[in-house]
Amino acid sequence: MKEKLEQIQKAAIEQIVSVTTADELEAAKVKYLGKKGELTAILRGMGALTAEERPIVGQVANNVREAIEQAVSDKRALITAAEREKRFEKDKLDVTLPSKRRGLGRIHPITKTIYEARQIFLDMGFTIAEGPEIELVEYNFDALNAPKDHPSRDMTDTFYIDKLTVLRTQTSPVQVREMRANKPPIRIISPGRVYRCDPPDATHSPVFHQLEGLVVDKGVSMGDLKGTLDMFARKMFGPETRTRFRPHNFPFTEPSAEVDVSCFACGGKGCRFCKGEGWIEILGAGMVHPNVLESCGIDSHVYTGFAFGVGMDRVTILKNNIDDMRLLFENDLRFLSQF
Ligand code: PHE
């Protein structure tokens, strides 16, 4: 029996030494030490031994089991180390190699201006409203009090989709949508793209961006408009900036004004930047015309409102000293990557 045990030990250790994977090692272990393993089978047969033989054989059997277990654990350590080595080899990374250059995208300068303006008005308590770029003539012109023969309605100025639909020429139709959908108090801004039949040149583009503002409530005055735009101008162009209202005419506001900001390059003295004027025009504004309030179901005897529309492309060009509007739309990376 002792010999048999020694044979098992020899065979087991040979097998264990020769395996190469964790699975094979596990199989070998089960084969010898498992419940139905060879060593276990022999130990079960010990009952047939005499009382003197039993402790001697038992001692040998224990030694054999320990030897096999030791062999298994030595081998397991080797296999684990080898596997780790393999994994390291596979995952090897040369950190000294130069990396692939990935061009990071940037925010377009117009988008940047819009984000900035939007935040200024959000801080003042405005919320953001949106309207479609394909707009009804009703909203773009009729409800905004534009006379039937107003020049802006002309086919040469406006892109018509059909008789009733246009590419909006201004963000002002969002005013109508907002007033028809909500009761005052209303305090919204609406940034977005607008379209006009202008051939592209240094100062024109057939698509450009406006940011509309509308406030309607009881007792809203021209002073509120002036205060709001002053605050906007100071935040957008610097704390020294002043605004100037010049009388103008829009069908949907009365009175109406074009609004200039003091030149942020020379502070108002007059320079190349403002063409010696000291002032730069950036927006149109006024008190919402009673006809517009009424066409939207708002009682013009109870409520008043102001509205304004800022040219975002113009602001972008001015703030960044860009001398040709077309640069904003050509998507030339050499230009865009400067921002
Ligand atoms: N919609 C006008 C424009 O495109 C700007 C404007 C907006 C004027 C709101 C007055 C009030 O020129």
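See the structure printed just above.
Being a predicted model, the structure only gives us computed values, none of them experimental. Along each chain, residues carry numbers from 1 onward, in the same order as the chain's sequence is written. For this predicted model, a pLDDT threshold of at least 70 governs which residues receive local features, and a threshold of 80 or more governs which side-chain atom pairs are given and counted, while totals over whole chains, interfaces and linings are taken from all residues. Heavy atoms from the whole structure form the basis of all side-chain values; hydrogens and water molecules are not counted.

(A) Summary view of the packing of aromatic side chains. Classification of ring pairs rests on two measures: the distance between centres of Phe, Tyr or Trp rings, Trp counted by its six-membered ring, which must be within 6.5 Å, and the angle between planes, read as stacked under 30 degrees, edge-to-face over 60 and tilted in between. Scanning the entire structure with this criterion turns up seven aromatic pairs. Relative to Phe-126, the ring of Phe-121 lies with its centre 5.3 Å away and its plane at 70°, an arrangement referred to as edge-to-face. Here the aromatic rings of Phe-121 and Phe-232 are separated by 5.0 Å at their centres, their planes lie at 20°, and the arrangement is stacked. Here Phe-121 is found in helix 5 (residues 109-123), whereas its partner Phe-232 is found in helix 8 (residues 222-237), with 111 residues between them in sequence. The exposure class of Phe-121 is buried, given its relative accessible area of 0%. Every member of this aromatic cluster is reached through a ring pair, and the members are Phe-121, Phe-126, Phe-232, Phe-306 and Phe-308. Every helix listed is a DSSP run of H or I at least four residues long, and every strand listed is a run of E at least two residues long, numbered separately from the N terminus. Each residue's exposure class comes from its accessible area (1.4 Å probe, protein chains only) as a fraction of the maximum for that residue type: buried when under 20%, exposed when over 50%, partly exposed otherwise.

(B) Representation of the pairing of strand 8 (residues 279-288) in the model. Counting buried residues in strand 8 gives nine out of ten residues, a clear majority hidden from the surface. Pairing of strand 7 (residues 253-262) with strand 8 involves eight bridges; the strand directions are antiparallel. Residue pairing for strand 8: Glu-258 is matched across the bridge by Gly-284. Here, strands pair whenever DSSP counts at least two bridges between them. Bridge count for strand 8 against strand 9 (residues 304-311) is five bridges, and the pairing is antiparallel. The residue bridging Ala-285 from the neighbouring strand is Phe-308, located in strand 9.

(C) A look at the environment of Ile-42. Relative to the assigned elements, Ile-42 resides in helix 3 (residues 38-44). The class of Ile-42 is buried, set by a relative accessible area of 8%. Linking Ile-42 and Ile-8, residues 34 residues apart in sequence, is a C-alpha distance of 10.0 Å. Throughout, a residue-residue contact means that at least one pair of heavy atoms, one from each residue, lies within 4.5 Å. When residues no more than four places from it in sequence are discounted, the contact partners of Ile-42 are Met-1, Lys-4, Leu-5 and Ile-8.

(D) Summary view of the environment of Arg-106. Looking at the element boundaries, Arg-106 is found in the loop between helix 4 (53-90) and helix 5. Residue Arg-106 is classed as exposed on the basis of its relative accessible area, which comes to 51%. The sequence separation of Arg-106 and Gln-338 amounts to 232 residues, and the corresponding C-alpha distance is 9.6 Å. Setting aside residues no more than four positions away along its own chain, Arg-106 makes contact with Leu-336, Ser-337 and Phe-339. In protein, a polar contact requires one atom able to donate a hydrogen and another able to accept it; more generally it is a pair of N or O atoms within 3.5 Å, and residues adjacent in sequence count only if both atoms are side-chain atoms. Within the structure, the side chain of Arg-106 is placed 3.3 Å from the backbone oxygen of Ser-337, a separation counted as a polar contact. Reaching out from Arg-106, the side chain makes a polar contact with the backbone oxygen of Phe-339 at a distance of 3.1 Å.

(E) Representation of the pairing of strand 7. Across the ten residues of strand 7, eight count as buried, placing the element largely inside the fold. As judged from the seven bridges shared by strand 6 (residues 243-250) and strand 7, these two strands associate in the antiparallel manner. Bridged to His-248 within strand 7 is Ser-256. The turn linking strand 6 back onto strand 7 is made up of two residues.

(F) Quick peek at the environment of Pro-151. Along the chain, Pro-151 falls in the loop between helix 6 (137-140) and strand 3 (165-167). For the pair Pro-151 and Ile-107, spaced 44 residues apart in the sequence, the C-alpha separation amounts to 36 Å.

(G) Broad picture of the sheet that holds strand 6. One open sheet accounts for seven strands, arranged 1-4-5-9-8-7-6; its pairing is mixed. Only two strands of the sheet have a single neighbouring strand rather than two, namely strand 1 (127-128) and strand 6.

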